[in-house]
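Analysis of the macromolecular model
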Amino acid sequence: MTLTVWFVVTPNVLLLDYAGPAEALRMAGEMGADIALHTCAPLPKLRTSLGVELAGLVALPSRVPPASLVIVAGNACEAEDYARPEAHAVVAWLRHALPPDAQLASICSGALLLAAAGLLDGRRCTTHHSLI
């Protein structure tokens with residue numbers, strides 16, 4: 001069974017938070033793992049924390065397929081970045097687009113978006129102490 005992975009990125013995403021895990025999963029696919037990778041965002045292109053643009057991003061799907069893994073990448077300046085309308089759009093999307101059997105993960109401050117969506121209620125989670 002194919003594991004469908006959805007990376008979620010927002011403007012000013014930390015490139016390391018996205019590229020590192022995405023490359024690891026891509027390489028696992030090359031080695032035989034049955035993985036389908038997607039990167040979605042509230043915009044078709046956005047700037048990363050390094051100023052490099054990511055383009056060709058898939059729009060946030062109306063629904064994520066069952067049994068998908070959704071990974072929310074972190075950002076560089078959370079207080080500013082997560083106050084942007086694009087981050088609010090991701091939070092709203094997280095609230096309604098995930099099936100009950102979706103698996104969730106975040107890299108660094110991506111946990112703050114999961115928390116804002118209410119998806120960490122009643123769960124244990126860790127992130128950098130400076131963010132909370």
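Nothing here was measured: the structure is a model prediction, and the numbers come from that model. (Residues numbered from 1 in each chain as written. Predicted model: local features only at pLDDT ≥ 70, side-chain atom pairs only at ≥ 80, totals over all residues. Heavy atoms only, no water.)

1. Quick word on the pattern of salt bridges
Heads up, the rule is: Whenever Lys or Arg places a side-chain nitrogen within 4 Å of a carboxyl oxygen from Asp or Glu, that contact is recorded as a salt bridge. Here a strand is any run of E in DSSP of at least two residues, a helix any run of H or I of at least four, and the numbering for each starts at the N terminus. Any residue under 20% of the maximum accessible area for its type is buried, any over 50% is exposed, and the rest in between are partly exposed; the area is computed with a 1.4 Å probe on protein chains only.
Under the defined criterion, the tally for this structure stands at five salt bridges. Note that Glu23 and Arg26 form a salt bridge whose closest N and O atoms lie 2.7 Å from each other. With Glu23 and Arg26 both in helix H1 (residues 15-30) and three residues apart, this pair spans about one turn of that helix. Residue classification places Glu23 among the partly exposed residues on the basis of a relative accessible area of 36%. Overall, Arg26 belongs to the partly exposed group, its relative accessible area being 35%. The partner of Arg47 in a salt bridge is Glu53, and the shortest N-O contact between them spans 3.7 Å.

2. Things to note about the packing of aromatic side chains
Applicable threshold: Between the rings of Phe, Tyr and Trp (Trp by its six-membered ring), a pair exists once the centres lie within 6.5 Å; its type follows the angle of the planes, with under 30 degrees stacked, over 60 edge-to-face, and the other angles tilted.
All chains considered together, the criterion is met by one aromatic pair. Between the aromatic rings of Phe7 and Tyr18, the centroid separation amounts to 5.7 Å while the plane-to-plane angle is 80°, which identifies the pairing as edge-to-face. In this pair, Phe7 sits in strand S1 (residues 3-8) while Tyr18 sits in helix H1, placing the two residues 11 residues apart along the sequence. The same class applies to Phe7 and to Tyr18, which are both buried.

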